[in-house]
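Observations on the model geometry
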Amino acid sequence: MIAPAPLTVNGRRYAAPRRPTVVVCVDGCEPEYINQAITAGRAPFLASLRERGTCLTADCVVPSFTNPNNLSIVTGAPPSVHGICGNYFWDREAGAEVMMNDPKYLRAGTILAALADAGAKVAVVTAKDKLRALLGHRMQGICFSSEKAADATQAGNGIDDVVALVGMPVPSVYSAALSEFVFAAGVKLIERGPLDVMYLSTTDYIQHKAAPGVGAANDFYAMMDGYLARLDALGATLVVTADHGMNAKTDAFGRPNVIYLQDVLDAAYGAGTTRVILPITDPYVVHHGALGSFATVYLSPPVAVAAASAHVAALPGMEEVLLRDEACRRFELPPDRVGDLVLVSERLSVIGTSRARHDLSGLDVPLRSHGGISEQQVPLISNRAAPALPAGRRWRNFDAFDLALNHLA
Ligand SMILES: [Zn+2]
């Protein structure tokens, strides 16, 4: 039973769900993917929402990466509040470069956990297992990944026999099917009920490979459209958003435009005086070679911040170079997890460390990636009307639960 009273989570108020409410984070979903799928006639359900639903364009969190944005969506707050500002960071206390997958790095509670504590039945399904522990932190309910669906247990994940329930084999971690498994599981969980709130998070395997409107992209959105239509038919309230957009990061011949920043800094200041951290780094690098449009740099004496900043700002393809405090104010980041400089590259460029540290042999198509301001705009769509939205509001993807619970008819 759900407590009828509104909840307050991280300073924001949320009304109790009145119907099964499903928030979907479509990894790497540039708005144009949906537009092109609709135009090609491959997404009739999404097309039908033009008449009866809501379509906003929202800004995600910069760095426009997966973990910071998924955590922003489920906490309703920016990384300055929840602490997760990358997949990967330099842990000053530990003196080591570490993955930020561990819930010990999370500084805020989630809306999902608070709803569960208030008595709501909550489920989370994520494609890759790397997000599961963060999304399900201190949450009573169902929480599993497609990747490790076969290992889900009642004790560890709040559910047994996921594979039998979903009726699909566990897909490869590098496949569109890994995301399809998320949607298929979501439909089965709503059918089975009772469920009040569900969060579904896919993987951007297809978006890294295929531009909007290309065959594989339209196939993905046609698949998604079918599952969303089923969730809608089951009476669910849907809010669909994305963690970040996606862009080609190449020249006209399809060759990656890479700023090998550690090589540039080593040449200017000597090896060992600067440390380039790429927060896109994660164990699943095949589709992007750990190349994205955002980096942070730690400087050691005698390298001066102003001189280093001016040096890198002049590099072709660089869009913004900000000092730590300025970057943390502008992008709402936790200052203790950000280097002396924050760098954002332009739409067609990515930032690397040293050339020798990037294995691009796994790139079988021209590089597409994200991380920058150029990938900040994402869709924020619902299957219900929002009759009284405040005019002039800058919507964020982490307003997804606010829209779902507080604004829809
Ligand atoms: Zn992502």
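Residue positions are given per chain, counted from 1 along the sequence in the order it is written. Only residues with pLDDT of at least 70 are given local features in this predicted model, and only at 80 or more are side-chain atom pairs given and counted; all residues enter the totals for whole chains, interfaces and linings. Only hydrogens and water are removed before side-chain values are computed, so all heavy atoms of the structure are retained for them.

Moving on, we get to the overall build of the protein chain. Within the protein chain, the secondary structure is distributed over 15 helices and 19 strands. Computed over its C-alpha atoms, the radius of gyration of the protein chain comes to 21 Å, within 12% of the 22 Å expected for a compact globule of 409 residues. Projecting the C-alpha coordinates of the protein chain onto the three principal axes gives extents of approximately 60 × 45 × 45 Å. Counting only residues that meet the buried cut, the protein chain has 58% of its 409 residues in that class. Comment: elements are numbered from the N terminus, with helices defined as DSSP H or I runs of at least four residues and strands as E runs of at least two. Both definitions apply: the radius of gyration is a C-alpha atom measure, and the globule rule equals 2.2 Å times residues to the power 0.38. A 1.4 Å probe rolled over the protein chains alone gives each residue an accessible area, and that area as a share of the maximum for its type sets the label: buried under 20%, exposed over 50%, partly exposed in between.

Between rings of Phe, Tyr and Trp, where Trp is taken as its six-membered ring, a pair exists when centres lie within 6.5 Å; planes separated by under 30 degrees are stacked, by over 60 edge-to-face, and by other angles tilted. Following the criterion strictly, the structure yields seven aromatic pairs and no others. When the ring of F89 is compared with that of Y105, the centres are 5.2 Å apart and the planes differ by 80°; the resulting orientation is edge-to-face. Residue F89 is found in strand β5 (residues 88–91), and its partner Y105 is found in the loop between β6 (96–99) and α5 (111–117); the two are separated by 16 residues along the sequence. The burial state of F89 is the same as that of Y105; both residues are buried. For the ring pair F183 and Y227, a centre distance of 6.2 Å and an interplane angle of 15° mean the geometry is stacked. Of this pair, F183 sits in helix α9 (residues 177–192) while Y227 sits in helix α11 (residues 215–233); the two residues are 44 residues apart in sequence, bridging distant segments of the chain. According to the relative accessible area criterion, Y227 is buried, its value standing at 12%. One aromatic cluster is present, formed by Y33, F220 and Y221 through successive ring pairs. In our convention, an over-ring charge means Lys NZ or Arg CZ found within 6 Å of a ring centre and within 35 degrees of that ring's normal. Here the basic side chain of R275 rests over the ring of W90, its NZ or CZ set 3.7 Å away from the ring centre.

Here the coordinating atoms are restricted to nitrogen, oxygen and sulfur within 2.8 Å of the metal centre, or 3.2 Å for Na, K and Ca, and because water is not among them the sites may look incomplete. The coordination sphere of the zinc ion, as far as protein atoms go, consists of D27 (OD), T66 (OG1), D243 (OD) and H244 (NE2), spread over 1.9 to 2.2 Å. In short, tetrahedral needs four donors with all angles between 85 and 135 degrees, square planar needs four and octahedral six donors with opposite donors over 155 degrees apart and all other angles between 65 and 115, and whatever is left is irregular. Viewed at the metal, the four donor atoms of the zinc ion are separated by angles of 89 to 139°, and the geometry they form is irregular. Along the chain, the residues donating to the zinc ion are arranged with the sequence spacing D-x38-T-x176-D-H. Of this pair, T66 sits in helix α3 (residues 66–75) while D243 sits in the loop between β10 (237–241) and β11 (247–248), and the two are 177 residues apart along the sequence. Side by side, T66 and D243 carry an identical accessibility label, which is buried.

This part takes up the sheet that holds strand β13 (residues 274–277). On the basis of which strands lie adjacent, the open sheet formed by four strands has the order β13-β14-β16-β15 and antiparallel pairing. Edge positions in the open sheet fall to β13 and β15 (318–323), since each of these has one partner strand only. Each adjacent strand pair in this sheet contributes to an overall mean axis angle of 20°, direction not counted. Here strand β14 (residues 294–299) runs beside strand β16 (residues 341–345); their pairing, made up of four bridges, is antiparallel. Bridged to T296 within β16 is V342. The contact criterion used throughout is that any non-hydrogen atoms of two residues lie within 4.5 Å. Inter-axis angles, ranging from 0 to 180 degrees, are taken between N-to-C directions of lines fitted to C-alpha atoms, where helices are fitted over the stretch in contact. Helix α12 (residues 261–269) contacts β13, β14, β15 and β16 of the sheet and is inclined by roughly 170° relative to β13. Each of β14, β15 and β16 touches helix α13 (residues 305–313); the most contacted strand, β15, lies at about 170° to it. When DSSP locates at least two bridges between a pair of strands, those strands are taken to pair.

Before going further, it helps to spend a moment on the pairing of strand β3 (residues 21–25). Along β3, five of the five residues are buried, which leaves the element largely enclosed by surrounding structure. Neither face of β3 is exposed, since T21, V23 and C25 on one face and V22 and V24 on the opposite face are all buried. Summarising the sheet, β3 and strand β9 (residues 197–201) pair through five bridges and their orientation is parallel. Counted as the bridge partner of V24 is L200 from β9. In the sheet, β3 pairs with β10 via five bridges, with the strands oriented parallel. Paired with V23 across the bridge in β10 is V239.

Every case where a carboxyl oxygen of Asp or Glu lies within 4 Å of a side-chain nitrogen of Lys or Arg is listed as a salt bridge. Enumeration according to the criterion identifies 17 salt bridges in this entry. Put simply, R275 and E97 hold a salt bridge, and the shortest N to O gap is 2.8 Å. Within this pair, whereas R275 is found in strand β13, its partner E97 is found in strand β6, the two being separated by 178 residues in sequence. The exposure class of E97 is partly exposed, given its relative accessible area of 25%. For R396, the salt bridge identified is with E332, shortest N-O distance 3.2 Å. Taken together, the positions of R396 in the loop between β19 (377–382) and α15 (400–407) and E332 in the loop between α14 (324–331) and β16 put the pair 64 residues apart, joining distant regions of the chain. Taking the relative accessible area as the measure of exposure, E332 reaches 27% and is therefore partly exposed. Each of R12, R393, D399 and D402 takes part in salt bridges that share partners, so that together they form one network.

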